[in-house]
Amino acid sequence: MLSGPISQDSFSLGMVPAAAPNLIPSGGAYRLRNYLVDNDGAAYKRGGTVALASFGDEGLTFIWSGWLAGGHRTVVASPSKFGVLNEVEDDVIEVGGDGLAAPANAVEVAGILFIDGGWLYAGSRKTSSYSTGTVSIEGVGENGEPGSTKVTGTGTSWLSNEDAGMLLKVGGRAYAVKRVVSDTELELANPFPDESVEGESYELAPILKAADVGVRPGPYATVASRLLSLEGNRVYHSAVLNPCRWNSDEDYHELSGGVQVLGAEPLGNDAVVFTTGGVWTIGNMAYEIVDPYGNLQQPEAQILRELVLWDRVAIAAWQEGLVVPALDGVWLISPSGPQMLSRSITPTYVGYINAGCRPGIAAVHKSHYFLPILDGAGEPVDLLVCRLDAPARTGMGVIFPWTNWRGAGARVSGLAQRVGIEAREPVLFGVEADDESNVLRMPRFEHDGEALDHDGSPVVPDVVLPDYATGPRESENFVKALMVRHETVGEGAEVEAFVSDAARPPDAVWGEFRWGDGTKWTDREEDEFDRGYRKLPGGGGQNFGARPAQWRVNRQTRFVRLRLRVPTGATRHVLRSVKVYVRQSGRL
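Okay, so let's go over this structure. Note that the coordinates shown come from a computational prediction; the quantities given were computed from them, not determined experimentally.

1. What about the sheet that holds strand S12 (residues 106-109)?
Here comes step 1: The strand order across the open sheet formed by four strands is S12-S13-S14-S22, and the pairing between neighbours is antiparallel. The outermost strands of the open sheet, each flanked by one partner alone, are S12 and strand S22 (207-209). Neighbour-to-neighbour, the strand axes of the sheet open up by a mean angle of 25°, direction not taken into account.
Here comes step 2: The pairing of strand S14 (residues 119-121) with S22 spans three bridges and is antiparallel. For Tyr-121, the partnering residue across the bridge sits in S22 and is Ile-207.

What follows is the structure in structure tokens.
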């Protein structure tokens, strides 16, 4: 007689490799690869990626998407050049510059993008500079009246040579162009904030070096319409909406305690500053450092002493807080206090740090935090995905569901969310780190999606279930059958089931462990897959969810570990529940 089945009716906790395999809380799995977690606790396959455009053959290192003086732009970079997607997003236009060797942070101030490494870009799609003629601009009045946005040219031909988003370099500073009105008139994105110029030489360029226009070297951050430059233990800040004007003798904060600044992000009008000695805040940065009477208006305070940032490129904003990758885990820092997000995957996450990996450019999309993991040479290793809006209380504490993505569509060095004006649906873009150097449209959050990634390879969902105890006693019991409720649709698509090999060789794969030497995160080639698992008979092909699929297990064991995967392209795959049928020892 069979005992009542062992049941798992939810995958709402995502993957929980931080727990011993037999202690994973109900609703978790050891591995949940190429899945997302749905509102009802089901796990569904990610869709495939779509290549929008390629840019060279060196691999891409940078992406940013948002509004600049020239309009909505998606900016990318390789190790040797910068580019921008064209209007219909099917080609990348090279705009110059020397590119970026590694993922970098970027912030927008006054319609200009300031990119770590010392580059300025405002949205132009031109490929060269122009400097014929002279310019005149009415500046700030004697009583502080705003300057003009009108630039008048003499001997200029701007209509055919310039476009919105060009950077006007005049008087040693840069200003963003919003519109080309005529051959002799430009409109700036902001009122001219400096003294008037008359008949001055100039340069209009699609991209400029920060050092050539009086901008401090960075790394950069922004708060309250000021540009911040993070240098050593100092945080310098520019004038409001004038990122090329700095009073470097007075306008900076020097943090004490022998710390170095690692990054900074805005929370309201405060700057949250990450250092080697914890986290600080600099308040009220919309005001000047002191008022006319000498009273301090930008107070400093250390709020967290032990949280040390891994890399600023992976900080992402969500709701009222910041998702922060620290050395001990991923945290949500908000006005209500810090909360650990990575409790369920901390050994995996910290293992990447200890192995010398670094993060790529992270992004939040539809309340999911996407964190690319790169090795020391910049090659993609993993793409971790955390659902931020579905925490659950467990015996381990509060857990946020994580999954991880692999395959061609996950080999990205950075991600950015694009939201347009007419089409408001957010779209997630990624940049491919491999030689194909594609800008990718990442999968939509839908049950029905592309079966293949952009290179034609199938997206392979792969789940390693917890170690299920087969009975209350220490004796081994007979595992008879596995029953899975799922929906799997697609030409030739089927779910394969495996059971772990009871006679494990010393280095057999069990989940992501190499048993015998304790090494974690060891991927094996497909021809070695069966060394750790035995394929089970049964299951069938496509399944529309009306009847559960069944496999024969026939294994005598104390704990049973099972694995499911879909090796061929499925347009739809939703994993809903698992039942394991066991005959207790001594029963007939």
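There is more to say after this.
2. Considerations on the pairing of strand S13 (residues 112-115)
Here comes step 1: On S13, burial covers both faces: Ile-112 and Phe-114 on one face and Leu-113 and Ile-115 on the other are all buried.
Here comes step 2: Note that S12 and S13 share four bridges and pair antiparallel. Across the sheet, the residue bridging to Val-109 is Ile-112, located in S13.
Here comes step 3: If you look at the hairpin formed by S12 and S13, you'll find two residues sitting between the two strands, and Ala-110 has a positive phi there, around 55°.
Here comes step 4: Where S13 lies against S14, three bridges are found, and the strand directions are antiparallel. Residue pairing in the sheet places Phe-114 in a bridge with Leu-120 of S14.
Here comes step 5: Hairpin remark: S13 followed by S14, antiparallel, with three residues in the connecting loop; positive phi at Gly-117, about 110°.

3. Considerations on the nonpolar core
Here comes step 1: Ranked by size, the top nonpolar core spans 55 residues in total, and within it Val-323, Tyr-369, Trp-402, Leu-482, Leu-562 and Val-580 carry the most contacts.
Here comes step 2: Considering every element that reaches this core, the biggest residue donor is strand S58 (residues 572-583), with four residues.
Here comes step 3: Ignoring anything within four residues of it in the chain, the contact list for Val-323 reads Ala-314, Ile-315, Ala-316, Trp-318, Val-330, Trp-331, Leu-332, Leu-341, Val-364, Tyr-369 and Leu-388.

About the cut-offs
- Residues numbered from 1 in each chain as written.
- Predicted model: local features only at pLDDT ≥ 70, side-chain atom pairs only at ≥ 80, totals over all residues.
- Heavy atoms only, no water.
- Pairing = 2+ DSSP bridges.
- Helix = DSSP H or I, 4+ residues; strand = E, 2+ residues; numbered from the N terminus.
- Axes fitted to C-alpha atoms, helices over the stretch in contact; angles between N-to-C directions.
- Buried < 20%, exposed > 50% of the residue type's maximum accessible area, 1.4 Å probe, protein only.
- Core = buried A, V, L, I, M, F, W, Y, C linked by side-chain atoms within 4.5 Å.
- Contact = heavy atoms within 4.5 Å.

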